[in-house]
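Structural description and commentary
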Amino acid sequence: MGNQMQKSISDTRNQKQTSFTFEIDNFSEKKAAISSSLFGCGGYVTVHPKGDYCCDHLAVYLNVASSKSLNFGWKKRVSYRFVLLNQSGKELQISSTPEEGSLFCDETQSWGYPKVFPLSKLKEEGFLDNNKLIVKVEVKIVEAVDVGEVTGKGMLRIKGFEVPYTQGVLVSKIFVKHPDIAVDFKPKNQVVKTAYMNVLLGLIETLRKPPRSFTDTMLRNAHSELSELTEAGFKLDWLKKKLEEVALERKNAIAGSSRVEELVERIKNMELALSDLKVELKKEIDKAPAASKVLSFDDIL
């Protein structure tokens, strides 16, 4: 997490816990995400006053700063917790990582919680004295992970599914937005579960592409994968709706494209017909008596 952090993690065995308190005045008037200044280990906190992916809850994230200054392929496992405080310093709410921490890397430079606490209860529970929100973050570097290390530590378990850390944020957001997505999921074998999750993530990535870029084969494959995932127990009405929208947009785009091609062809035919008429008209003018040639060919056309 930045040059300062790079220096501090040279010997992770001696790494001490760093804490930072972020105070936000006039909190209820804030709308956009608010970021703190850099602290101790070179990270910073981002608070979403109107929620993030779950609009009725406070969201708080820990972010990497100046990651480009770190070595290529850097990976740091970090343990952290967020604490909401009242004006007297009493801890009112805690959200923390498991003991092994979370893995930060080039692909995943932010971790946190989209559902720290209901926004509607901040004031009544004493979190907003004088309209000020106080968030304390405690951070500890658990270890520096060597580049190319092949261990189970490259995986994260989310709701019973093992996913790569690079996909951890996306999968977490999916479960936040669709908490019942896997309540009826049937397979129990972890390898099979991972395979199905990979299919789901691949389908989501496919449906992010522009509808015009879809081929008939891509659409058939997407429908087949959606059917397979649904049969396995995933609740994917929201993804089915997205696929239907993509198919409809593609159909309209193709229809619109065909109409344009039709009009272009008609214009070309009209231009050819006009060209033939010009030739005939010129011949007729050339054959006409001199007295009748009041207008030139260019005057007529």
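Going by the annotation in an unreviewed UniProt entry, the name recorded for the protein chain is MATH/TRAF domain, with Arabidopsis thaliana x Arabidopsis arenosa given as the source organism.

Burial analysis of strand β4 (residues 57-64) places eight of its eight residues in the buried class, which makes it a mostly covered element. On β4, burial covers both faces: His-57, Ala-59, Tyr-61 and Asn-63 on one face and Leu-58, Val-60, Leu-62 and Val-64 on the other are all buried. Direction of pairing for β4 relative to strand β8 (residues 110-118): antiparallel, over a ladder of six bridges. Considered in β8, the bridge of Leu-58 is made with Phe-117.

Time to look at helix α4 (residues 216-231). In this model α4 runs 23 Å from its N-terminal to its C-terminal C-alpha over 16 residues, within 8% of the 22 Å that 1.5 Å per residue would give. Burial in α4 covers these residues: Leu-219, Ala-222, Leu-226 and Leu-229. In a view along the axis of α4, the buried residues occupy a sector of 95°, so they form one face of it. Residues of α4 that are exposed and point over 90 degrees away from its buried face: Arg-220 and Glu-231.

If you walk through the whole model with that rule in mind, you get 10 aromatic pairs. Considering the side-chain rings of Phe-161 and Phe-175, the 6.2 Å spacing of their centres and the 40° angle between planes classify their relative orientation as tilted. Of the two residues, Phe-161 sits in strand β11 (residues 161-164) while Phe-175 sits in helix α2 (residues 165-177), which places them 14 residues apart along the sequence. Classification of Phe-175 by relative accessible area gives buried; the value is 8%. Relative to Phe-234, the ring of Phe-161 has its centre 5.9 Å away and its plane inclined at 25°; by these criteria the two rings are stacked.

Cut-off values and rules
- Residues numbered from 1 in each chain as written.
- Predicted model: local features only at pLDDT ≥ 70, side-chain atom pairs only at ≥ 80, totals over all residues.
- Heavy atoms only, no water.
- Buried < 20%, exposed > 50% of the residue type's maximum accessible area, 1.4 Å probe, protein only.
- Helix = DSSP H or I, 4+ residues; strand = E, 2+ residues; numbered from the N terminus.
- Pairing = 2+ DSSP bridges.
- Expected span 1.5 Å × (residues − 1).
- Arc of directions from axis to C-beta.
- Phe/Tyr/Trp six-rings, centres within 6.5 Å; stacked < 30°, edge-to-face > 60°.

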